[in-house]
Amino acid sequence: MYAAILKTFLIGALVLSMCVISTAPSSLFAQQLQQQTTTSPTSTTVDYSFVTSWGSPGRAFGQFSQPLDIAIDSTGSVYVTDNTALANQVQKFSPDGTFLLAWGYLGTGGGGFANAASIAIDDSNNTVYVTDFGNADQAVQKFTSDGTFLDSWGSTGLGEGQFINPAGLAVDSQGFVYAGDFGENNNIQKFDSEGNFILNWGSPGSAEGQFMNPADIAIDSQDIVYVADSANNRVQKFDSSGNFLGIWGTAGSGDGQFNSPTGIAIDPTSGNVFVVDRANDRVQVFDTDGNFITKFGSSGSGEGQLENPLGVAVGADGRVYVNDEGNARVVVFSGGGGGG
């Protein structure tokens, strides 16, 4: 990874403060782009409440240096990528936050990471995929659920199956893997489970179907693809072939607005879409058409508060797990009929 980008990682700006076009660096904070939304906010009585949190700053097991992304497997186990040169690992926990195991190291061999970034799990076999931000030559790494390295793919470049800075990651019901890319590509690429390139879509920009730093990807039970288009402050929706279906979000702090959305997840029961609104220190919830449902979280370090949240995952019981990067912890919420 470029030294300047790595430095921003270490001070907590993460992938969202890197350049949109590598020859013309600019911060996301300077790119609050206004984009028309296709839906309008609606009111709701759904409420999400604090359940628990775990983690603290540090390098020991169960501690975090910079927790970036989070995922849940079919057994309910929780996986967290911990990014920075001090950590660069995946940690696995029970649903209540009990540490189970960890893997990874700073390096470029199989199982090592330049920067452990997004994580996604194939629920049919609990295969774990991790993007290695800053190492396009192993853009996606593949592991068993106990951290045994299986494979990796990707190379540096602008062509099919190539990356500049691999970021968001998701797996659909058929086992196809979708990976996002920052920089000149600004696109989404689709692979089979062995890393064979299938297709890609997107280009740099703010028009429909274009991206400016696609930070994360989520896929619903119908294999509809949702992308947190972070520098455009919006969510875009596509079918599994990359055909544009919808869009919502504008820059701001109101309901349905965003300030650098970084994480996105689907509730497997309700189908609702959860979006981490990073610079507003909150999570917003929408239906699949982008209608605003509710929000939770506020700035701070107390119970239910967040400081620079990054990733989000929703369990089968309705509990919502948020990577609270600024407080080096995972915060758990319940609501909407989920488990308490």
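A brief structural summary. (Residues numbered from 1 in each chain as written. Predicted model: local features only at pLDDT ≥ 70, side-chain atom pairs only at ≥ 80, totals over all residues. Heavy atoms only, no water.)

**Side note on the overall build of the chain**
Looking only at helices and strands, one finds one helix and 28 strands in the chain. Each of the 340 residues in the chain was classed as buried or not, and the buried ones make up 59%. Accessible surface, the chain: about 11800 Å² in total, of which carbon and sulfur atoms supply 48%. (Helix = DSSP H or I, 4+ residues; strand = E, 2+ residues; numbered from the N terminus. Buried < 20%, exposed > 50% of the residue type's maximum accessible area, 1.4 Å probe, protein only. Areas by Shrake-Rupley, 256 points an atom, 1.4 Å probe, with all protein chains shown as cover.)

**Quick word on the sheet that holds strand β14 (residues 187-191)**
The strand order across the open sheet built from four strands is β12-β13-β14-β15, with neighbouring strands paired in antiparallel fashion. Strand pairing shows two members of the sheet lacking a second neighbour, β12 (165-171) and β15 (197-201), which therefore form its edges. In this sheet, adjacent strand axes meet at a mean angle of 25° when their direction is disregarded. Sheet analysis places β14 next to β15, joined by four bridges and oriented antiparallel. Bridge pairing in β15 places Phe191 opposite Phe197. (Pairing = 2+ DSSP bridges. Axes fitted to C-alpha atoms, helices over the stretch in contact; angles between N-to-C directions.)

**Concerning the pattern of salt bridges**
One pass over the full model with this rule turns up six salt bridges. A salt bridge links Lys237 to Asp289; the shortest N-O distance between them is 3.7 Å. One end of the pair, Lys237, is in strand β18 (residues 234-238); the other, Asp289, is in the loop between β24 (282-286) and β25 (292-296), and 52 residues separate them in sequence. Residue class for Lys237 comes out buried when judged on its relative accessible area of 13%. A salt bridge links Asp324 to Arg329; its shortest N-O distance comes to 2.7 Å. The pair formed by Asp324 and Arg329 is uniform in burial state, with each residue classed as buried. (Salt bridge = Lys/Arg side-chain N within 4 Å of Asp/Glu carboxyl O.)

**Brief notes about the nonpolar core**
With 15 residues, the main nonpolar core has Phe274, Phe296, Val320 and Phe333 as its most contacted residues. Leave out the neighbours within four places in its chain, and Phe274 touches Tyr48, Gly263, Ile264, Ala265, Asp267, Val283, Gln284, Val285, Phe296, Val312, Val314 and Val320. In this structure, Ala218, Ile224, Ala228 and Phe258 belong to the second largest nonpolar core, which totals 13 residues. (Core = buried A, V, L, I, M, F, W, Y, C linked by side-chain atoms within 4.5 Å. Contact = heavy atoms within 4.5 Å.)

**Regarding the packing of aromatic side chains**
Applying the stated rule across the entire model yields 25 aromatic pairs. Geometrically, the ring pair formed by Tyr48 and Phe274 is edge-to-face, given 5.6 Å between the ring centres and 90° between the ring planes. One end of the pair, Tyr48, is in strand β1 (residues 48-54); the other, Phe274, is in strand β23 (residues 273-277), and 226 residues separate them in sequence. Between Trp248 and Phe286, the aromatic rings sit 5.5 Å apart at their centres with planes inclined by 45°, giving tilted as the arrangement. (Phe/Tyr/Trp six-rings, centres within 6.5 Å; stacked < 30°, edge-to-face > 60°.)

**Overview of the side chain of Asn187**
Within the secondary structure, Asn187 is located in strand β14. Asn187 has contacts with Ala179, Gly180, Asp181, Asn200, Trp201, Gly202, Phe211 and Pro214, leaving out every residue within four places of it along the chain.

**Concerning the side chain of Ser94**
For Ser94, the location among the structural elements is in the loop between β4 (89-93) and β5 (99-103). Taking relative accessible area as the criterion, Ser94 reaches 15% and is therefore assigned buried. Once you skip the residues sitting within four places of it in the chain, Ser94 turns out to touch Trp54, Val78 and Leu100.

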